[in-house]
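Given next are the chains, with one letter for each unit.
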Amino acid sequence: PVIFHFHGHGNTPESEADRTKLDHLAASHRVVLVYPAAIEGNWRTRAIDSVAPDENLDVRFFDALLKRLVERFGIDRSRVFVTGMSMGSELALELAMARSQKIAAVVACSACPSEKLWSDRPFTIMMVVGEQETMLLEAAKQDMIEYRRQGHVCEVLVNHDRGHEWLPDRNMQIWRFLKQHQLNE
């Protein structure tokens, strides 16, 4: 399996690796882990068009990275996962929509979810939200109702007494969620 983890606004792959500690999880579970870097620290999340997602540079960047990983490491195409923090979560959700035939599941931490999910097929989503992010938490709960109505498999994980942050002690719970999903080829 491979996990692409997308950093938040203004962050770097290095700061995200330090924050998430996902490298420990990847090493112990034989997962290829990729921390891509956004141009100037920002992903183009709102620029992904449901009609023409290939025009977005970040979607094309993801496609190129995935292709290279498959060629170089022979990764299991049915077990491609995307995760992210904040703006990186927005990109993860947008990629799951634009590339629903390539991504098995998505974990979005502290994201502003899209109002409507568009995709070729329903996909699996875990939203991780800090209890102190009250507006985001309410929006995530409401969006999950709509996403389920659209046929998506959804789960909300609330980090109690926490705010806008990734909690490394949740990594195993996140991994258990991800590893149970794969694409049917």
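Since the model is a prediction, treat every value here as computed from it, not as a measurement.

Analysis parameters
Every chain is numbered on its own, with residues counted from 1 as its sequence reads. Under the rules for a predicted model, residues below a pLDDT of 70 receive no local features and side-chain atom pairs below 80 are neither given nor counted, while totals for whole chains, interfaces and linings still include all residues. Excluding hydrogens and water, the side-chain figures rest on all heavy atoms present in the structure. Each cavity reported here is a set of points on a 1 Å grid over the protein atoms alone in which a 1.4 Å probe fits but cannot get out, each pocket an open set with protein on both sides within 12 Å along at least five of seven lines, and each lining residue one with an atom within 4 Å of a point. Grid points are joined across faces, edges and corners, and a volume is the space filled by probe spheres set on the points. Secondary structure elements follow DSSP: runs of H or I no shorter than four residues count as helices, runs of E no shorter than two count as strands, and numbering proceeds from the N terminus. Each residue gets one label: Ala, Val, Leu, Ile, Met, Phe, Trp, Tyr, Cys and Pro are nonpolar, Asp, Glu, Lys and Arg are charged, and the others, such as Gly, are polar. Pairing of aromatic rings covers Phe, Tyr and the six-membered ring of Trp, with a centre-to-centre limit of 6.5 Å; geometry is then stacked below 30 degrees between planes, edge-to-face above 60, and tilted otherwise. For the exposure calls, accessible area comes from a 1.4 Å probe over protein chains only, and a residue counts as buried if that area is under 20% of its type's maximum, exposed if over 50%, partly exposed in between. A pairing counts as a salt bridge when a side-chain nitrogen of Lys or Arg comes within 4 Å of a carboxyl oxygen of Asp or Glu.

Let us look at empty space enclosed by the protein. Tallying each qualifying case throughout the model produces one cavity of 30 Å³ or more. Counted as a void, the largest cavity has a volume near 40 Å³. Around the largest cavity, the lining residues are Ile 3, Leu 22, Leu 25, Thr 83, Trp 166, Asn 171, Ile 174, Trp 175 and Leu 178. Among the elements of the structure, α2 (22-29) and α6 (171-179) are those that each provide at least two residues to the lining of the largest cavity. Counting residues per element, the lining of the largest cavity draws most heavily on α6, at four residues. Partitioned by chemical class, the residues of the lining of the largest cavity number seven nonpolar, two polar and no charged.

Further remarks concern the packing of aromatic side chains. In this structure the tally under the stated criterion is four aromatic pairs. Measuring from ring centre to ring centre gives 6.4 Å for Phe 4 and Phe 6, while their planes differ by 10°; the resulting arrangement is stacked. Residue Phe 4 shares its accessibility class with Phe 6, and that shared class is buried. A centroid spacing of 4.9 Å and a plane angle of 65° characterise the contact between Phe 4 and Phe 62, whose relative ring orientation is edge-to-face. Separated by 58 residues along the polypeptide, Phe 4 in strand β1 (residues 2-6) and Phe 62 in helix α3 (residues 57-73) bring together distant segments of the chain. Residue Phe 4 is classed as buried on the basis of its relative accessible area of 0%. By the ring-pair criterion, three or more aromatic residues cluster together here, those being Phe 4, Phe 6, Trp 43 and Phe 62.

This part covers the pattern of salt bridges. If you walk through the whole model with that rule in mind, you get eight salt bridges. As a salt-bridge pair, Lys 21 and Asp 18 come within 3.3 Å of each other at their nearest N and O atoms. The exposure class assigned to Lys 21 is partly exposed, which follows from its relative accessible area of 30%. Given a relative accessible area of 54%, Asp 18 falls into the exposed group. A salt bridge links Asp 58 to Arg 44; its shortest N-O distance comes to 2.8 Å. In this pair, Asp 58 is assigned in helix α3 and Arg 44 in the loop between β2 (32-34) and α3, connecting sequence segments 14 residues apart.

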